[in-house]
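Now for the letters of each chain:
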Amino acid sequence: MGSIGAFGQVLIATHRLTGITRAMKKINKRNVHKSNAEKFFEEVNILRDLDHPNILKLYELYQDGESYYLITE
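Below: a short report on this structure.

Calculation criteria
- Throughout, a residue's number is its position along its own chain's written sequence, starting from 1.
- Thresholds applied to this predicted model are a pLDDT of at least 70 for local features of residues and 80 or more for the giving and counting of side-chain atom pairs; totals over whole chains, interfaces and linings are not thresholded and use all residues.
- By convention in this description, side-chain values take in all heavy atoms of the structure and omit both hydrogens and water.
- Only runs of H or I of at least four residues qualify as helices and only runs of E of at least two qualify as strands under DSSP, and these elements are numbered from the N terminus.
- A helix's residues, less one, multiplied by 1.5 Å, set its expected span.
- Here the term buried applies to any residue with accessible area under 20% of the maximum for its type, exposed to any over 50%, and partly exposed to those in between, with areas from a 1.4 Å probe on protein chains only.
- When we speak of the arc, we mean the arc of directions from the helix axis to the C-beta atoms.
- Here a residue-residue contact requires only that any non-hydrogen atoms of the pair lie within 4.5 Å.
- One bridge is not enough; two strands pair if DSSP finds at least two bridges between them.
- Aromatic pairing here means that ring centres of Phe, Tyr or Trp (its six-membered ring) are within 6.5 Å. Orientation follows from the plane angle: under 30 degrees is stacked, over 60 is edge-to-face, and everything else is tilted.

The next thing to look at is helix α1 (residues 34-49). Its 16 residues give α1 an end-to-end C-alpha distance of 24 Å, which sits within 8% of 22 Å, the value for a rise of 1.5 Å per residue. Restricting attention to buried positions, one finds in α1 the residues Ala37, Phe40 and Val44. Buried residues along α1 cover an arc of 65 degrees about the axis, so they all sit on one side. Along α1, the residues that are exposed and aim more than 90 degrees away from the buried face are Ser35, Glu38, Lys39, Ile46 and Asp49. On the buried face of α1, the contacting elements are β3 (21-28), β4 (58-63) and β5 (67-72).

In this structure, strand β2 (residues 8-14) lies alongside β3, joined through seven bridges in antiparallel fashion. The residue of β3 that forms the bridge with alanine 13 is arginine 22. The turn joining β2 and β3, which pair antiparallel and follow one another in sequence, is formed by six residues; a positive phi near 80 degrees is taken by glycine 19.

Using the criterion set out here, one finds three aromatic pairs in the structure. Taking the centre distance of 5.3 Å and the plane angle of 75 degrees together, the rings of phenylalanine 40 and phenylalanine 41 count as edge-to-face. The class for phenylalanine 40 is buried, based on a relative accessible area of 14%. The class of phenylalanine 41 is partly exposed, set by a relative accessible area of 28%. Both rings, one in phenylalanine 40 and one in tyrosine 68, keep their centres 5.0 Å apart while their planes meet at 40 degrees; by these two values the pair is tilted. Taken together, the residues phenylalanine 40 in helix α1 and tyrosine 68 in strand β5 connect sequence positions 28 residues apart. Through a chain of ring-to-ring contacts, three or more aromatic side chains come together here, namely Phe40, Phe41 and Tyr68.

Spatial relationships are all this shows, so hold off on functional conclusions.
Structure, rendered in structure tokens:
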């Protein structure tokens, strides 16, 4: 079960091999306008590289035909 925010839904995801539990934000691609897609990916890449105790760590980004999936702490 997850919560729904302004841009997507947050779910709990467990890695099948390691058993590590993370938060997964599912963002519908319809909510990321084509004009903002480049900025979205730039911000994702910046977050992926950041390592600070006061900033949520972004581990992975996956996508399928309908959604983006951001895996975070």
